[in-house]
2 protein chains.
Amino acid sequence: MRTLTVDLGDRSYPIYIGSGIRHQKQLFRDAIHGKQVMIVTNTTVADIYLAELVALLGDEYQVDTCVLPDGEKYKTLATYEQIMSALLEAKHNRTTTVIALGGGVVGDMAGFAAATYQRGVPFIQVPTTLLSQVDSSVGGKTGVNHPLGKNMIGAFYQPQAVIIDTESLSSLPARELSAGMAEVIKYGLICDAPFFSWLEDNIDDLMTLDSEKITHAIYESCRAKAEVVAQDEKEGGIRAILNLGHTFGHAIETEMGYGNWLHGEAVAAGTVLAVDLSWRLGSLTESDVERSVNLLAKANLPVLPPKGMSREAFIERMLLDKKVLDGSLRLILLQALGDAYVTSDFAMEDFNACLDDAIEAASA
Amino acid sequence: MRTLTVDLGDRSYPIYIGSGIRHQKQLFRDAIHGKQVMIVTNTTVADIYLAELVALLGDEYQVDTCVLPDGEKYKTLATYEQIMSALLEAKHNRTTTVIALGGGVVGDMAGFAAATYQRGVPFIQVPTTLLSQVDSSVGGKTGVNHPLGKNMIGAFYQPQAVIIDTESLSSLPARELSAGMAEVIKYGLICDAPFFSWLEDNIDDLMTLDSEKITHAIYESCRAKAEVVAQDEKEGGIRAILNLGHTFGHAIETEMGYGNWLHGEAVAAGTVLAVDLSWRLGSLTESDVERSVNLLAKANLPVLPPKGMSREAFIERMLLDKKVLDGSLRLILLQALGDAYVTSDFAMEDFNACLDDAIEAASA
């Protein structure tokens, strides 16, 4: 097991990463302060992991459970209210601890419930997907969607601890493993060239879930994100580099309809566009682009936009993105492999050529 | 105008108190960071104060308004969602500022909306009732009710500024002015004996809204609360003394049905019980009790429990109060006028006698 401390002053917390650690009661005990525990999960995850967690904690705590329907479309205020009702019906008081057992949607909603139940109670993240392990573990973002926008309702709220059991990845569909790997590769690209090289050397072992290597990849991803977030907890500036590939990616996700392309798949295709544009602007070499594309491809991720998506569709969707300030399109680009920056300073000619070439390649 | 700074490190903010200051544009300008403003109010307050505030700010900012139905029964997640929808429909971004214009219910809901819109945007409190001016201005409590409990959903979130215009009290019903005065008197009782004496000397002028004196009373109340809250921002210990009279009071409120006795009225009767019990325990003199009762009575507040409410009803309701930890009833009592403490250490004999005598007096 490896332990990483996310350093946020009096809101600091540990991330534990290892194989089989969901059975280590002491990790939970250290993070639970009162006598009550509410485990929030979804129907899919509950079938596999809920009974054993209830059994682990049930002899020492009042353990109640709240099983939500599975899927992003249930990430709503109504589902959030369901968690609040479960807490109140089981008479949980201000010293209860909420445990989020599942992927990003469960973590975001349970975290928001913990942030706002009786004005805030402790919570523990037990992320079970690769994406949530390397993304939602760090950063304190919690919340739900509104019909008029994703993640529009929420709070910054830090967990007491994050417990990442790499064994839970064995129950993950292959497509979701790849989608998570897109974010792992992103960390190498934006801020850690040696990690990027390590990923190139070890991508095959990672895809077959070599326990030690996957632990290392998750550790390095969380460490990279923690470093960025520590500089910018409330998302004012530098934290934006975490969105490499995401503005292009969101355009793809919304154009295709949410859920048809997984978030990580859209980010992968978006990352290739950002890398390609960086090359056109003279910051990356042709070899840098090739290496990026090859690594994403080895993780079984798409490296081209969806067939038939036009340049106009990209531009229209991207201008609607919430990261557009005052109508100017800001992108995350690379100075070099391992060195990202935020800019609105690029020629539309290069931007258009980048999209056109990718669109042509996709249609071929 | 007087200014008080609530000292909470990087979440510190000013409270401005004075007559007519709702027209001072600079006070708002200093607290608004972006270009967008959402004024949240209710139908009653909107009729009197909304148009002039829109006019004050409308030439400089994008000003939108969200007018909620009036009343505690609308302090729900559904009404909160209405605020979120208003913000999204008018395309407010992360730099918007929410202004809460109204009493405690509006402040709590608008504050919770600000705390959770896009994970937190700035907000300004413009409390228009005496209760909200001396109570919700300080402490950062925001939230809504759940069918299973009051204020069960919410967050601690501090405003950018609080702008208290004492002129707005002239539009307040007399009963609500008295109810607010119950909390003002409370601050004298729990932590400020000189202020208590000052209130005794000036209660008549206060009830007729002498501008300078009401400004002073609000200032001293906010200062007292700020001092207590600064010691205990997240409500772990000492902050409990702010609940003098409230455990008895909540029992009265719920027994009578919410809204039949105003919160401040129930607190006044509850305060007399707490003062009386303190006398029975030997900490207060008979004269202290008389002075407390007289001051509350001069503010046109009830000093006896509701006719017909039994000792059993009190005890049952009080044991259901959320401040009961592990089944033991904790009360806020007085060591002396101006010096409150929290205790579970009192003889049930004294407690029962205190209730019985008051109940008998009420039925006489």
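Remember, predicted model here, so these are calculated numbers, not experimental data. (Residues numbered from 1 in each chain as written. Chains lettered and ligands numbered in written order. Predicted model: local features only at pLDDT ≥ 70, side-chain atom pairs only at ≥ 80, totals over all residues. Heavy atoms only, no water.)

Some details on the overall build of chain A
Here's step 1: Helices and strands together make up the secondary structure of chain A, namely 13 helices and eleven strands.
Here's step 2: A compact globule built from 364 residues should have a C-alpha radius of gyration of about 21 Å, and chain A, at 20 Å, falls within 12% of that.
Here's step 3: For chain A, the spread of C-alpha atoms along the principal axes amounts to about 65 × 40 × 40 Å.
Here's step 4: The long-range share in chain A, meaning contacts at least 24 apart out of those at least 6 apart in sequence, stands at 75%.
Here's step 5: Approximately 13,900 Å² of chain A is accessible, and the part contributed by carbon and sulfur atoms is 49%. (Helix = DSSP H or I, 4+ residues; strand = E, 2+ residues; numbered from the N terminus. Rg over C-alpha atoms; globule rule 2.2 N^0.38 Å. Contact = heavy atoms within 4.5 Å. Areas by Shrake-Rupley, 256 points an atom, 1.4 Å probe, with all protein chains shown as cover.)

Considerations on the domain arrangement of chain A
Residues and elements named next belong to chain A.
Here's step 1: Domain assignment breaks chain A into domain 1 (2–170) and domain 2 (174–363).
Here's step 2: Distance between the C-alpha centres of domain 1 and domain 2: 27 Å.
Here's step 3: Together domain 1 and domain 2 conceal approximately 2,500 Å² of surface at their shared face, both sides included; 69% is due to carbon and sulfur atoms.
Here's step 4: Considering only the side of domain 1, the residues that lose the most area to domain 2 are Arg2, Leu130 and Val134, jointly responsible for 24% of the buried surface there. (Domains from an automatic or database assignment. Buried area = accessible area lost by both parts, 1.4 Å probe.)

Here's the deal with helix H12 (residues 311–320) of chain B
All names here are of chain B.
Here's step 1: When we look at burial in H12, the residues that qualify are Ala313, Phe314 and Met318. Buried residues along H12 cover an arc of 120° about the axis, so they all sit on one side. Turned more than 90 degrees away from the buried face of H12 sit Glu312, Glu316 and Leu320, all of them exposed.
Here's step 2: In this fold, the buried residues of H12 make contact with helix H9 (246–256), helix H10 (263–280), strand S10 (331–336) and helix H13 (348–363). (Buried < 20%, exposed > 50% of the residue type's maximum accessible area, 1.4 Å probe, protein only. Arc of directions from axis to C-beta.)

Remarks on the sheet that holds strand S1 (residues 2–6) of chain A
Residue and element names in this part refer to chain A.
Here's step 1: Judged by pairing direction, the sheet is mixed, and its seven strands sit side by side in the order S1-S2-S9-S6-S5-S3-S4 without closing on themselves. Because the sheet does not close on itself, it has two edges, and the strands there are S1 and strand S4 (62–68). Across the sheet, the mean angle separating the axes of adjacent strands is 15° when strand polarity is ignored.
Here's step 2: Of the pairings in the sheet, the one linking strand S3 (residues 36–42) to strand S5 (residues 97–102) comprises four bridges and is parallel in character. For Val37, the partnering residue across the bridge sits in S5 and is Thr97.
Here's step 3: Packed on one face of the sheet, helix H2 (residues 43–58) meets S3, S4 and S5 and runs near 165° to S3.
Here's step 4: Packed on one face of the sheet, helix H4 (residues 104–116) meets S3, S4, S5 and strand S6 (123–127) and runs near 170° to S5. (Pairing = 2+ DSSP bridges. Axes fitted to C-alpha atoms, helices over the stretch in contact; angles between N-to-C directions.)

Re the pairing of strand S1 (residues 2–6) of chain B
Residue and element names in this part refer to chain B.
Here's step 1: Summarising the sheet, S1 and strand S2 (residues 13–18) pair through five bridges and their orientation is antiparallel. When the bridges of S2 are listed, Arg2 appears paired with Ile17.
Here's step 2: Count of turn residues in the S1/S2 antiparallel hairpin: six residues, of which Gly9 carries a positive phi of about 60°.

Overview of the relation of the copies chain B and chain A
Here's step 1: The transformation that overlays chain B on chain A combines an axial shift of 0.0 Å with a rotation of 180°, and the residual RMSD is 0.0 Å. Here the transformation between the copies is reduced to the relation of a two-fold axis. For chain B, the minimum C-alpha distance to the rotation axis belongs to B:Leu77 and amounts to 4.2 Å. (Least-squares fit on C-alpha atoms with pLDDT ≥ 70 in both.)

Focus on the UniProt feature "domain: 3-dehydroquinate synthase N-terminal" (unreviewed entry) in chain A
Here's step 1: UniProt tags residues 66–178 of chain A as "domain: 3-dehydroquinate synthase N-terminal" (unreviewed entry).
Here's step 2: Secondary structure over residues 66–178 of chain A splits into 32% helix and 29% strand, and the C-alpha atoms at its two ends are 29 Å apart. (UniProt positions renumbered as here; feature names shortened; annotations may be inferred.)

So, the sheet that holds S1(B)
Residue and element names in this part refer to chain B.
Here's step 1: With mixed pairing, seven strands are arranged side by side in an open sheet as S1-S2-S9-S6-S5-S3-S4. This sheet does not close on itself; its edge strands, each paired only once, are S1 and strand S4 (62–68). Along the sheet, successive strands turn relative to each other by an average axial angle of 15°, direction set aside.
Here's step 2: Sheet topology places strand S5 (residues 97–102) next to strand S6 (residues 123–127); five bridges connect them, and they run parallel.

Regarding the packing of aromatic side chains
Here's step 1: Scanning the model with the defined rule gives twelve aromatic pairs over all chains in all.
Here's step 2: In this arrangement the basic side chain of B:Lys186 is found over the ring face of B:Tyr187, its NZ or CZ atom lying 4.7 Å from the centre. (Phe/Tyr/Trp six-rings, centres within 6.5 Å; stacked < 30°, edge-to-face > 60°. Lys NZ or Arg CZ within 6 Å of the ring centre and 35° of its normal.)

Some thoughts on the interface of chain B and chain A
Here's step 1: Tallying the contact residues gives 26 residues for chain B and 26 residues for chain A.
Here's step 2: Contact between chain B and chain A buries roughly 2,500 Å² in total, counting both sides, with carbon and sulfur atoms accounting for 60%.
Here's step 3: Contact with chain A buries area across many residues of chain B, yet B:Leu88, B:Arg119 and B:Met152 alone supply 29% of it, more than any other trio.
Here's step 4: The tally of links between chain B and chain A comes to zero salt bridges.
Here's step 5: The interface formed by chain B and chain A contains eight residue pairs in polar contact (both at pLDDT 80 or more).
Here's step 6: Those elements that place two or more of their residues in the side of chain B that touches chain A are helix H3 (77–89), helix H4 (104–116), strand S7 (141–146) and strand S8 (149–156) of chain B.
Here's step 7: With seven residues, H3(B) is the largest single contributor of residues to the side of chain B that touches chain A.
Here's step 8: The residue makeup of the side of chain B that touches chain A, split by class, is twelve nonpolar, eight polar and six charged. (Salt bridge = Lys/Arg side-chain N within 4 Å of Asp/Glu carboxyl O. Polar contact = N/O pair within 3.5 Å; in protein donor to acceptor, adjacent residues only side chain to side chain. Nonpolar A, V, L, I, M, F, W, Y, C, P; charged D, E, K, R; others polar.)

Describing H10(B)
Residues and elements named next belong to chain B.
Here's step 1: When the terminal C-alpha atoms of H10 are compared, their 26 Å separation across 18 residues agrees well with the 26 Å that a helix rising 1.5 Å per residue should span.
Here's step 2: Taking burial as the measure, the 18 residues of H10 include 15 buried ones, the bulk of the element.
Here's step 3: Directly after H10, the chain includes Gly282, whose backbone phi takes a positive value near 90°. (Expected span 1.5 Å × (residues − 1).)

Quick word on the pattern of salt bridges
Pairs can form between side chains of opposite charge whenever their charged atoms are close.
Here's step 1: Tallied over the full model, the rule gives 42 salt bridges over all chains.
Here's step 2: Residue A:Glu52 is joined to A:Arg22 by a salt bridge in which the shortest nitrogen-to-oxygen separation is 2.3 Å. Of the two residues, A:Glu52 sits in helix H2 while A:Arg22 sits in the loop between strand S2 (13–18) and helix H1 (25–31), which places them 30 residues apart along the sequence.
Here's step 3: By relative accessible area, which is 31% here, A:Glu52 ends up partly exposed.
Here's step 4: We classify A:Arg22 as buried; its relative accessible area is 16%.
Here's step 5: Residues B:Glu183 and B:Lys186 are paired through a salt bridge, measuring 2.8 Å at the closest nitrogen-oxygen approach. Remark: B:Lys186 and B:Glu183 occur in helix H6 (residues 174–191); sequence separation between them is three residues, near one turn of the helix.
Here's step 6: Residue B:Glu183 is classed as buried on the basis of its relative accessible area of 0%.
Here's step 7: Three or more residues are tied together by salt bridges with common partners; here these are A:Arg22, A:Glu52, A:Asp165 and A:Glu167.

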